[in-house]
Amino acid sequence: MIGLAVAMDAVAALSLCWALLGVLRPAQVPGGGDGGRSVAVALIGVSLILLSVPLWSLP
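These remarks concern the structure in this document.

Here is what the cut-offs are and how they apply
- Residues numbered from 1 in each chain as written.
- Predicted model: local features only at pLDDT ≥ 70, side-chain atom pairs only at ≥ 80, totals over all residues.
- Heavy atoms only, no water.
- Helix = DSSP H or I, 4+ residues; strand = E, 2+ residues; numbered from the N terminus.
- Buried < 20%, exposed > 50% of the residue type's maximum accessible area, 1.4 Å probe, protein only.
- Expected span 1.5 Å × (residues − 1).
- Arc of directions from axis to C-beta.
- Contact = heavy atoms within 4.5 Å.

## Quick notes on the environment of Val-11
Within the secondary structure layout, Val-11 lies in helix α1 (residues 2–24). Val-11 sits in the partly exposed class, given a relative accessible area of 47%. Along the sequence, Val-11 and Ile-49 sit 38 residues apart, while their C-alpha atoms lie 9.0 Å from each other.

## Brief notes about helix α2 (residues 37–56)
For an α-helix the count is 3.6 residues per turn, leaving residues at separations of three or four pointing the same way. With 20 residues, α2 should cover 28 Å at 1.5 Å per step; its first-to-last C-alpha distance of 29 Å lies within 8% of that length. Burial in α2 covers these residues: Ser-38, Val-41, Gly-45, Leu-48, Ser-52 and Leu-55. Buried residues in α2, looked at end-on, bunch into an arc of 90°, giving them a common side. Of the exposed residues in α2, the ones pointing more than 90 degrees away from its buried face are Leu-43, Leu-50 and Leu-51. On the buried face of α2, the contacting elements are α1.

As structure tokens, then:
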């Protein structure tokens, strides 16, 4: 189970970095937003971290 928790945390870290890059880079279309795509990716990352917390305590 530790391997699954590590994999989930790695995917979560990558998705949070992806969301941060989406927020920091300028919009490619003037006046057009990303439609909440970076927020959705950030929420997926946070949810993966929260789901992996119980896996760390399993033997």
